[in-house]
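Secondary and tertiary structure notes
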Number of protein chains: 2
Amino acid sequence: MNAKAKAIVLFGHGARDVRWREPFDRLASLWKAQHPNVLVELAFLELMQPSLEEAIGSHITAGAMEVVVVPVFFGQGGHLRNDFPVLLSACREKFPNIQLSATPAVGEDEVVLQAIIEFSARAL
Amino acid sequence: MNAKAKAIVLFGHGARDVRWREPFDRLASLWKAQHPNVLVELAFLELMQPSLEEAIGSHITAGAMEVVVVPVFFGQGGHLRNDFPVLLSACREKFPNIQLSATPAVGEDEVVLQAIIEFSARAL
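Now for a look at the structure at hand. What you see as residue numbers is a count from 1 along each chain, following the sequence as written. Chain A is the first chain written and ligand 1 is the first ligand written, with later ones labelled in order. Given that the model is predicted, a residue must reach a pLDDT of at least 70 before its local features are reported, and side-chain atom pairs must reach 80 or more before they are shown or counted; all residues, however, enter totals for whole chains, interfaces and linings.

**Observations concerning the environment of B:Ala43**
All names here are of chain B. Take Ala43: it is sitting in strand E2 (residues 39–44). Separated by 25 residues in sequence, Ala43 and Val68 have C-alpha atoms that sit 12 Å apart. Once you skip the residues sitting within four places of it in the chain, Ala43 turns out to touch Val9, Phe11, Pro50, Ser51, Leu52 and Ala55. In this description a helix means any DSSP run of H or I spanning at least four residues, a strand means any run of E spanning at least two, and both kinds are numbered starting from the N terminus. Residue pairs are scored as contacts if the distance between their C-beta atoms, which are placed from the backbone, is within 7 Å.

The structure is reproduced here in structure tokens:
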């Protein structure tokens, strides 16, 4: 990787049931197939591994200089408004030499919402 | 509405922070704009109103004979594998005269996952 290598973290909530993460594993596979030059890691807020810090650490080990975290959440409630900024700050302190940013939740995106509408319409 | 009128329920988890539901409100607005002949209601598993039973009841009051529930969840963990079927069964018992069905979680859909991938790619 070059010195400005970018990487992405797909950040989900986590759950006790391991089958919950199947769509996240598929997201990571889709990313790898479509963007083979941009490293991707999953990370979870709770109940699943790796943590956000562990995922960012893996990216740094692989040579990333810039990491973008994408919260794979529908809504921006307490988890994203309170817990997530604290985690992100801790990661910035721990990894001061990389550029760390985050997008809004994927549920804020019109294209994602439209895809949900189309899925729902196909069910009728 | 005619005697076979269909209706849809967009079923989310719910959260303490009222701002969490903004994408759900936008989903319902998008649905109304694009499918004005198919009634839509939001419903939540916990922490927000209305419940699934209340939303289905509203549809029946409005004349629906068939209700399709779309779980707006990413993964199918304990909430969808354990809690949701119990709720759905209770609704079938309470409303025996309507046809009640459910789709998989929206996070199981390839088009939804692809929309998330594209949102993530735009952030780079």
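Past the structure itself, the notes keep going.
**Here's the deal with the relation of the copies chain A and chain B**
Residues below a pLDDT of 70 in either copy are left out; the C-alpha atoms of the rest, at least 70 in both, set the least-squares superposition of the copies. Take chain A, turn it by 180°, move it 0.0 Å along the axis, and it overlays chain B with an RMSD of 0.0 Å. This pairing of chains is accounted for by a two-fold axis. Within chain A, the C-alpha atom positioned nearest to the axis of rotation is that of A:Val112, 3.0 Å from it. A high fraction, 100%, of the interface residues of chain A reappear at the interface in chain B, so the copies pair face to face through one surface.

**Some remarks on the packing of helix H1 (residues 22–34) of chain A against helix H4 (residues 110–122) of chain B**
To obtain each axis, a line is fitted to C-alpha atoms, and for helices this fit is confined to the stretch in contact; angles are then taken between N-to-C directions over 0 to 180 degrees. At a minimum axis distance of 10 Å, the contact between H1(A) and H4(B) shows a crossing angle of 55°. By the angle class used here, H1(A) and H4(B) are oblique. For the pair H1(A) and H4(B), the sense of crossing is right-handed. Here H1(A) contributes A:Pro23, A:Arg26, A:Leu27, A:Leu30, A:Trp31 and A:Gln34 to the contact with H4(B), which in turn contributes B:Leu113, B:Gln114, B:Ile116 and B:Ile117. When residue character is reported, Ala, Val, Leu, Ile, Met, Phe, Trp, Tyr, Cys and Pro are called nonpolar, Asp, Glu, Lys and Arg charged, and the others, Gly included, polar. Residue composition of the contact of H1(A) with H4(B), by class: seven nonpolar, two polar and one charged. Roughly parallel covers angles under 35 degrees, roughly antiparallel covers those over 145, roughly perpendicular covers 65 to 115, and oblique covers all other angles. Left-handed describes a crossing in which the near helix is turned anticlockwise from the far one by less than a right angle; the clockwise case is right-handed.

**Remarks on the interface of chain A and chain B**
Counting from both sides, the interface comprises 47 residues of chain A and, opposite them, 47 residues of chain B. Taken together, the elements giving at least two residues each to the side of chain A that touches chain B come down to strand E1 (6–12), H1, strand E3 (66–71), helix H3 (78–94) and helix H4 (110–122) of chain A. When residues in the side of chain A that touches chain B are grouped by element, the largest group, eleven residues, is from H4(A). Here the side of chain A that touches chain B is composed, by residue class, of 25 nonpolar, eleven polar and eleven charged.

**Quick look at the sheet that holds strand E4 (residues 99–102) of chain B**
All names here are of chain B. Overall, parallel pairing links the four strands, which are arranged E2-E1-E3-E4 in an open sheet. Strand pairing shows two members of the sheet lacking a second neighbour, E2 and E4, which therefore form its edges. Taken pair by pair, the neighbouring strands of this sheet meet at an average axis angle of 20°, ignoring direction. In the sheet, strand E1 (residues 6–12) pairs with E2 via six bridges, with the strands oriented parallel. When the sheet's bridge partners are listed, Ala7 is paired in E2 with Leu39. Across the sheet, helix H2 (residues 52–61) touches E1, E2 and strand E3 (66–71), and the angle it forms with E2 is around 165°. Docked against the sheet, helix H3 (residues 78–94) engages E3 and E4, running at close to 170° with respect to E4. Paired strands, in this sense, are two strands between which DSSP finds at least two bridges.

Shape descriptors only; they carry no functional weight alone.
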